[in-house]
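The lines below spell out each chain.
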Amino acid sequence: MLYPFKEIEEKWQKLWQEKKSFKAEVSDRPKFYCLEMFPYPSGKIHMGHVRNYTISDVHSRYKWMQGFQVLHPMGFDAFGQPAENAAIKNKSKPGLWTRKCIDWMKEELKKMGFSYDWDRELSTCDSSYYKWNQWIFLKMFERGLAYRGKSNVNWCPSCETTLANEEVIDEGCWRCHEKVQQKELEQWFLKITEYKERLLEDLKQLAHWPQRVIAMQTNWIGKSQGVEIYFRLKDSDKVIPVFTTRPDTIFGATYVVLAPEHPLVKELIRGKPREKEIREFIEKVSRESKIARAASDVKKEGIFTGSYAINPVNNESIPVWIADYVLMEYGTGAIMAVPTHDQRDFIFAREHNLPMRIVIGRIDNSRTQEPQELNEAYEGEGIQVNSGQFDGLPNQEAKIKIAQWMEKEGTGKIQTHWRLRDWLISRQRYWGTPIPIIYCRQCGVVPVAYGDLPVKLPEDAPFTGEGGSPLGKVKEFVNTPCPKCKAPARRETDTMATFFDSSWYFLRFCSPQSKDSPFDIGEAKYWMPVDQYIGGIEHAILHLLYSRFFTKFFKDLGMIGFDEPFTRLLTQGMVLKDGEVMSKSRGNIVDPDSIIKQYGADTLRLFILFAAPPETELEWDDRGIEGAFKFLNRVWRIQENLKEKADPQLIKALHRAIKKITEDFEGFKFNTAIAGLMELVNAIYQFGADKAVFSQLLIMLSPIAPHFCEELWQGLGNAQSILKANWPKYDPSLLVEENITIVIQVNGKVRGTIAVNKDISEDKLKEACLNDEAVKKWLKDSAVKKIVVVPGKLVNIVV
RNA sequence: GGGCGGAUGGCGGAAUUGGCAUACGCGGCAGCCUUAGGAGCUGCUGGGGAAACCCUCGGAGGUUCAAAUCCUCUUCCGCCCACCA
């Protein structure tokens, strides 16, 4: 007979809701804040959600049972483009569509039996939430951290909006993959670069984050030390600053290259004989996509400007070129080229017959090479040559000496460069937080007064899907008096990037009803920081970096006292089917709802944890889910045959299991924890369980299969929820075996085993091993050289 | 090109961190039970071999009494970043 999962799950979900079993309240108990990355309400949950939220849920329930006061909230990241696309398609409104999706999704989440405190639910599209986005924006504006700038922005012609650098993937829009164009617009930026040192430095505090996330953030921030070197133009007082991380190669700089967009270019080429040709070249490059420009196998194109610069260390005249491989966005938009020691420069120099000079000699090669002998640039370590007074120094040492010397001479300046750019948050979109700014002819850019917040998003903007922001077409929204002079003025019609919304929601969860501030300072002091954060690796850079930035900003406002929002981070792996990521386009989706209908949520939870460790990819297997269901049925049948008193052997097995399973829960090794539970169940089938052993099994299984265990727990006569039960503790004395099995090896190969008392002396053990019948035949003709004894484990006889 | 992570039976995956490779499950095989259910229970199940034994953790070397685990070289796969000066 199969256990009646449908009735059981409905029954307990209802009871949990009625009793508010997962209500998080400030108390004397130690707190534990367990958070998963909240979903975008697309309407349906997918296996990725199921996996993410099951991991969090098991961890939360485990912490409850360990006596923690747990905060485990859920909400919806509800602003964003899909709602607008759906509204256009269905001739509906984004708000209506989104709220319907939220309702559907909540139903599905509830069917999974997740232990959320639903009283804390929030949606970022509610004005009670986004009001505080606007408040935060104004605070940043006051401090100069939100600013307006003219900028060449990434423009997606399909979505008709700008994109952050971070949202451009392989030169396409991150959402629709349409090729991104460049367009100059007035935009709002957040000055995240102001926090770059702290964002980098504080990564050291994150001892419990995955190494690779730390590495990705470090690379994204991209700190690099080097020297800014000043190349004076020949016959001019103009200077080209150049950034390099390799000042040790300065004596080998044989030409200078400017990015085509470099501000000096126009002036440099004016009146030169090939001016027209150069202009055409620049035109051509600017039309090229960044993909083509970035492809390393593509020939590096360039053109001589006709001007020369002076290498400040040796006063040589070297030509100034323009080339597509130099980027305006990085460094100073100009480089010094050292073809012998930089592969890109090498290719370019060979292509255009530019001079080369070796300045770093290979350590392993005594013969000095000539540049024409080179097949590629030498980028490794070496000894300085052709470098004036620095000849003979190891280049690492010369790097520092040359930098210091140049700084003293005034020809260069030691500098640090960063890859991190300011964060563009303006979106020419409707379904987002309105930016609380008013433009007045008289007063200019005027912030909305705090008292006038929220600037509400009008719910009935026209949706045609054509051109520009629908907000701009709502006259009642756009036209407003200037807060300062009361003259007619216009509102900003751009909205905020949705990453803004998700950069502080974890703080809002501490006090979601708070009416006077984004979050209650006392509540946040109790609950924050988040003890365990769980989500997908795809957010390793953006969301986590922005959240860290906001946290530091709140600290600067004096609202919180810590630097980092997420103490521990777990990034779960993707769910695959037939070796590929589950996705609609591949048509390999397994719908969680159909699995729940067929086997119940407990089986789904059990399987998804058992199939793989949380961090690795998980291959979906329809037969595996049957196995999980079979296991629960096997546990179900135990209640029919309970004994009066359990066998001592089973008690030992139980305590071994408690130790293993507890350790595995601590380390998020749910797959082996479940294996441990299965072993315990196998032992129960062998020896027969009593009520006490069965109870302990249920407690340990309950975070994984909560409805199922509540039902059996109640069946054992318990009036209270199993969540209130204490997590079992093992008795170490029961783990010690009087007689242990020792492995006997001869020359490292297993030749037998021997059962001995645990306290046997080493000599006696050696003797017993040498006299073992199975071992003797391996020893007969050889002399024993050495015997290695690993206490309690094995004996290795070397002959 | 750079960074990170992988590779273990027919499959998903274990291995106390250098100490019995393949726990647990799936699949397969056999038996039992049967009011024949796609149920349940009990065994067996890495490869070769009649056996004694031998071989096996992507491949090749090395360190060690002992290697899936440490070192060197190498092949393949995944993710992220990328003319970053």
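Cut-offs applied
Counting of residues starts from 1 at the beginning of each chain's written sequence and follows it residue by residue. Here every chain gets a letter starting at A, and every ligand a number starting at 1, in the order they are written. Local features are withheld for residues below a pLDDT of 70 in this predicted model, meaning they are given only at 70 or higher, and side-chain atom pairs are given and counted only at 80 or more; totals for whole chains, interfaces and linings count all residues. No hydrogens and no water enter the side-chain calculation; it runs on all heavy atoms of the structure. In this scheme, strands are said to pair when DSSP sees at least two bridges between them. Only runs of H or I of at least four residues qualify as helices and only runs of E of at least two qualify as strands under DSSP, and these elements are numbered from the N terminus. Helix span, as expected, comes to 1.5 Å for every residue beyond the first. Classification of residues uses two cut-offs on accessible area relative to the type maximum, computed with a 1.4 Å probe and protein chains only: under 20% is buried, over 50% is exposed, and between them is partly exposed. Summarising the geometry, the arc corresponds to the directions from the helix axis toward the C-beta atoms. We call two residues contacting when some pair of their heavy atoms lies within 4.5 Å. What qualifies as a polar contact is a pair of N or O atoms within 3.5 Å, subject to a donor-acceptor requirement within protein and to the restriction that residues adjacent in sequence count only when both atoms come from side chains. For this count, His and the chain ends are skipped, Lys and Arg are scored as positive, and Asp and Glu as negative. Within this document, salt bridges are pairs made up of a side-chain nitrogen of Lys or Arg and a carboxyl oxygen of Asp or Glu, the two lying within 4 Å of each other. Any pair of Phe, Tyr and Trp rings, taking the six-membered ring for Trp, is counted once the centres come within 6.5 Å. Such a pair is stacked with planes under 30 degrees apart, edge-to-face with planes over 60 apart, and tilted for the rest. The convention used is that axes are lines fitted to C-alpha atoms, helices contributing only their stretch in contact, and that angles between N-to-C directions extend from 0 to 180 degrees. Working definition of a nonpolar core: buried Ala, Val, Leu, Ile, Met, Phe, Trp, Tyr and Cys residues. They are joined through side-chain atoms within 4.5 Å.

K.L.:
So what's going on with the pairing of strand β32 (residues 749-757)? Which residues, and what values?
P.N.:
As paired strands, strand β31 (residues 739-746) and β32 are joined by 8 bridges and run antiparallel to one another. Across the sheet, Val743 pairs through a bridge with Thr753, a residue of β32. Between β31 and β32, which follow one another and run antiparallel, lie 2 residues, and Asn747 among them has a positive phi close to 50°.

K.L.:
A description of helix α1 (residues 5-19) should follow, citing residues and the corresponding values.
P.N.:
Each turn of an α-helix holds 3.6 residues, which means side chains three or four residues apart point in the same direction. When the terminal C-alpha atoms of α1 are compared, their 21 Å separation across 15 residues agrees well with the 21 Å that a helix rising 1.5 Å per residue should span. Those residues of α1 lying buried are Phe5, Ile8, Glu9, Trp12, Gln13 and Trp16. Each buried residue of α1 lies within a common arc of 125° when the element is viewed along its axis, so the set occupies one face. Away from its buried face by more than 90 degrees, α1 exposes Lys6, Glu7, Lys14 and Glu18. Along its buried surface, α1 packs onto α2 (47-65), α4 (94-111), α18 (592-599), α19 (601-610), α20 (622-638) and α24 (706-715). Count one or two residues on from α1 and you reach Lys20, which has phi positive near 45°.

K.L.:
Could you give an account of the pairing of strand β34 (residues 794-798), with specific residues and numbers?
P.N.:
Bridging between β31 and β34 involves 4 bridges; their strand directions are parallel. In the strand pairing of β34, Ile744 is matched with Val795. With 5 bridges joining them, strand β33 (residues 786-790) and β34 adopt antiparallel strand pairing. Each bridged residue has a counterpart across the sheet, and for Ile787 the counterpart in β34 is Ile797.

K.L.:
Outline α20, supporting the account with residue identities and numerical values.
P.N.:
The end-to-end C-alpha distance of α20, which contains 17 residues, comes to 26 Å, matching closely the 24 Å that a straight helix rising 1.5 Å per residue would cover. Of the residues making up α20, those classed as buried are Ile625, Ala628, Phe629, Phe631, Leu632, Asn633, Val635, Trp636 and Ile638. Those residues of α20 hidden inside the fold are in contact with α1, α18, α19, α22 (670-687), α23 (691-701) and α24. N-capping of α20 is provided by Asp621, with a side-chain oxygen placed 3.0 Å from the backbone N of Arg623.

K.L.:
Can you lay out the side chain of Asp345 for me, pointing to particular residues and giving the numbers?
P.N.:
Examined against the element boundaries, Asp345 turns out to sit in helix α11 (residues 343-352). Put simply, Asp345 is tucked away with no salt bridge, and the nearest opposite charge, on Arg344, sits 5.5 Å away. Look past the residues within four positions of Asp345 in its chain and what remains in contact with it is Tyr255, Tyr325, Ile335, Met336, Ala337, Val338 and Pro339.

K.L.:
Kindly report on the packing of aromatic side chains, identifying the contributing residues and their values.
P.N.:
For the coordinates displayed, the defined rule picks out 51 aromatic pairs. Between the aromatic rings of Phe499 and Tyr546, the centroid separation amounts to 5.6 Å while the plane-to-plane angle is 65°, which identifies the pairing as edge-to-face. Taken together, the positions of Phe499 in helix α14 (residues 498-501) and Tyr546 in helix α17 (residues 542-556) put the pair 47 residues apart, joining distant regions of the chain. As far as burial versus exposure is concerned, Phe499 and Tyr546 are alike and both buried. An angle of 50° between the planes, with centres 5.8 Å apart, marks the rings of Trp636 and Phe708 as tilted.

K.L.:
Tell me about the pattern of salt bridges, and please be specific about residues and values.
P.N.:
Side-chain pairs of opposite charge can arise whenever the charged atoms involved come near each other. In total, this model carries 35 salt bridges according to the counting rule given. Ionic pairing is found between Lys6 and Glu10, a salt bridge with its closest N-O pair at 3.5 Å. Of the two residues, Lys6 and Glu10 are both situated in helix α1; the distance of 4 residues between them amounts to about one turn of the helix. We classify Lys6 as exposed; its relative accessible area is 56%. On the accessibility criterion, Glu10 (45% relative accessible area) is partly exposed. Counted as one network, the salt bridges with shared partners bring together Asp202, Arg548, Lys552 and Glu564.

K.L.:
So, the sheet that holds strand β22 (residues 444-447): which residues are in play, and what are the values?
P.N.:
One open sheet accounts for 4 strands, arranged β22-β21-β24-β23; its pairing is antiparallel. Looking at strand neighbours, the two that pair on one side only are β22 and β23 (479-481), the edges of this open sheet. Neighbour-to-neighbour, the strand axes of the sheet open up by a mean angle of 40°, direction not taken into account. Two elements, β23 and strand β24 (residues 488-491), share 3 bridges in a ladder whose sense is antiparallel. Across the sheet, Thr480 pairs through a bridge with Ala489, a residue of β24.

K.L.:
Kindly report on the nonpolar core, identifying the contributing residues and their values.
P.N.:
If you look at the biggest cluster of nonpolar residues, it comprises 180 residues, and the most contacted ones within it are Tyr33, Met47, Phe137, Trp620, Val635, Leu701 and Phe708. In contact with Tyr33, other than residues within four places in its own chain, are Leu71, Pro73, Phe506, Phe509, Cys510, Trp527, Met528, Pro529, Val530, Asp531 and Gln532. Grouped together as the second largest cluster of nonpolar side chains are 37 residues, Ile269, Ile303, Ala309 and Val359 included.

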